[in-house]
Amino acid sequence: MAEQMESKSMILAEGLVKIYKTKITEVLALQGLDLQVSEGELTAIIGNSGSGKSTFLNMIGGLDRPSAGTLFVDGKNLFTMSEKELVEYKQKTVGFVWQNNGRNMLPYLSALENIMLPMQISGTSKKRERALALLETVGLPNRKNSRMNMLSGGEQQRIAIAIALANSPKLLLADEPTGSVDRKTADYIFDLFSDLNKNGQTILIVTHDMELSKKVNRVVAIRDGKISSERVLKEQYADRVRESGVSFLTEETQDEYVVLDRAGRLQIPEKLLQDLALKDNKVKVCARGNEIIVSRPD
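None of the values given here were measured: they were computed from a predicted structure.

Colleague: Kindly report on the overall build of the protein, identifying the contributing residues and their values.
Modeller: Secondary structure assignment for the protein yields nine helices and 13 strands. The 298 residues of the protein split such that 45% are buried. Expressed as a percentage of contacts within the protein between residues at least 6 apart in sequence, the contacts between residues at least 24 apart total 64%. Taken as a whole, the protein presents about 15800 Å² of accessible surface, with 49% of it coming from carbon and sulfur.

Colleague: Account for the pattern of salt bridges, with residues named and values stated.
Modeller: Tallying each qualifying case throughout the model produces 11 salt bridges. Note that Glu83 and Arg65 form a salt bridge whose closest N and O atoms lie 3.4 Å from each other. Within this pair, whereas Glu83 is found in helix H3 (residues 83-92), its partner Arg65 is found in the loop between helix H2 (53-60) and strand E4 (68-73), the two being separated by 18 residues in sequence. The class of Glu83 is exposed, set by a relative accessible area of 56%. For Arg65, a relative accessible area of 28% corresponds to the partly exposed category. In this structure, Glu88 engages Lys92 in a salt bridge whose closest nitrogen and oxygen atoms are separated by 3.8 Å. In this pair, Glu88 and Lys92 both sit in helix H3, four residues apart, roughly one turn of the helix. Salt bridges here are not isolated pairs; linked through shared partners, they connect Glu41, Arg218 and Glu230.

Colleague: I'd like a rundown of the nonpolar core, residues and numbers included.
Modeller: Core analysis: the largest hydrophobic core is formed by 40 residues, its most contacted members being Ile115, Ile159, Ile161, Leu172, Phe193 and Leu196. Of all elements in the fold, only strand E3 (42-46), helix H4 (111-122), helix H5 (127-137), helix H6 (153-164), strand E7 (171-175), helix H7 (183-198), strand E8 (202-206) and strand E9 (218-223) reach the threshold of two or more residues within this core. Not counting the four nearest positions on each side in its chain, Ile159 is found in contact with Met105, Ala111, Ile115, Leu135, Leu140 and Leu151. Ile11, Leu57, Leu86 and Val220 belong to the second-largest nonpolar core, a separate cluster that totals 29 residues.

Colleague: Lay out the sheet that holds strand E10 (residues 226-233) with the relevant residues and their values.
Modeller: Taken together, the seven strands give an open sheet; going across it, the order is E6-E7-E8-E3-E9-E10-E11, and neighbouring strands pair in mixed fashion. Edge positions in the sheet fall to strand E6 (94-97) and strand E11 (254-258), since each has one partner strand and no second. The average undirected angle you get between the axes of adjacent strands in this sheet is 20 degrees. Two elements, E3 and E9, share four bridges in a ladder whose sense is parallel. Counterpart to Ala44 in the pairing with E9 is Val219. Lying on the sheet, H7 is in contact with E3, E7 and E8; it crosses E8 at an angle near 150 degrees.

Rules used in this analysis
Residues numbered from 1 in each chain as written. Predicted model: local features only at pLDDT ≥ 70, side-chain atom pairs only at ≥ 80, totals over all residues. Heavy atoms only, no water. Helix = DSSP H or I, 4+ residues; strand = E, 2+ residues; numbered from the N terminus. Buried < 20%, exposed > 50% of the residue type's maximum accessible area, 1.4 Å probe, protein only. Contact = heavy atoms within 4.5 Å. Areas by Shrake-Rupley, 256 points an atom, 1.4 Å probe, with all protein chains shown as cover. Salt bridge = Lys/Arg side-chain N within 4 Å of Asp/Glu carboxyl O. Core = buried A, V, L, I, M, F, W, Y, C linked by side-chain atoms within 4.5 Å. Pairing = 2+ DSSP bridges. Axes fitted to C-alpha atoms, helices over the stretch in contact; angles between N-to-C directions.

What follows is the structure, encoded as structure tokens:
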């Protein structure tokens, strides 16, 4: 199946497992996660702390190795890559935006020099011209000579996006990109991601920002190391994502789906389970027309 789908997908994960081992115990971070992200998608991943979303992002970024399963990114098998191939993959296929700005920028370099740095490592030509164009893209051409301590948190994050785009990656990964900025800056950063996506950039965002996630075409929720649900932007909002007439706080802009895994299992959202007030782990299931009803045994 992986060989048939890899050319159509930017990301293809099947049965993905990650186990962290210590001398005392084993931690199962991913438990058979399945996910396909098509080229050109703007997708958000949400989930509680410890759900496995950052582990998944690190695997896609080539920063961590899966324990089992299948993981293809841009047709490349991350299970079989050599160390040399992995270095090239991180330079050319993926760009990473971190929440911690210190991981994005070197404080003793200017904004322009920081953007040029990845291109020097990869051997890209016309580095200065490319860096200046990216400063225009993120709306900071007048900050080219500024060092990190001269930039606000929002400006640092915009420079970080320019750095991540320096080598024209096929896939842009963002880990909590609005986690340390105010609401106005967060909206600006999302608009920037939206513009990049409209120009064909595939983007995967891990976020706790529910307002931001409501603006994304597709939201994937990870729970206990597996995909538990998805939200997809309703058709009537698809072309109105940036219009001021749509209130993402008061209007439900997305349809939500519970996701079945390959074994036909689903994870029922915790709030719904609480409403059932179950005494144990048994539920009653029956079919009624085109509906499946889950209820308390009594």
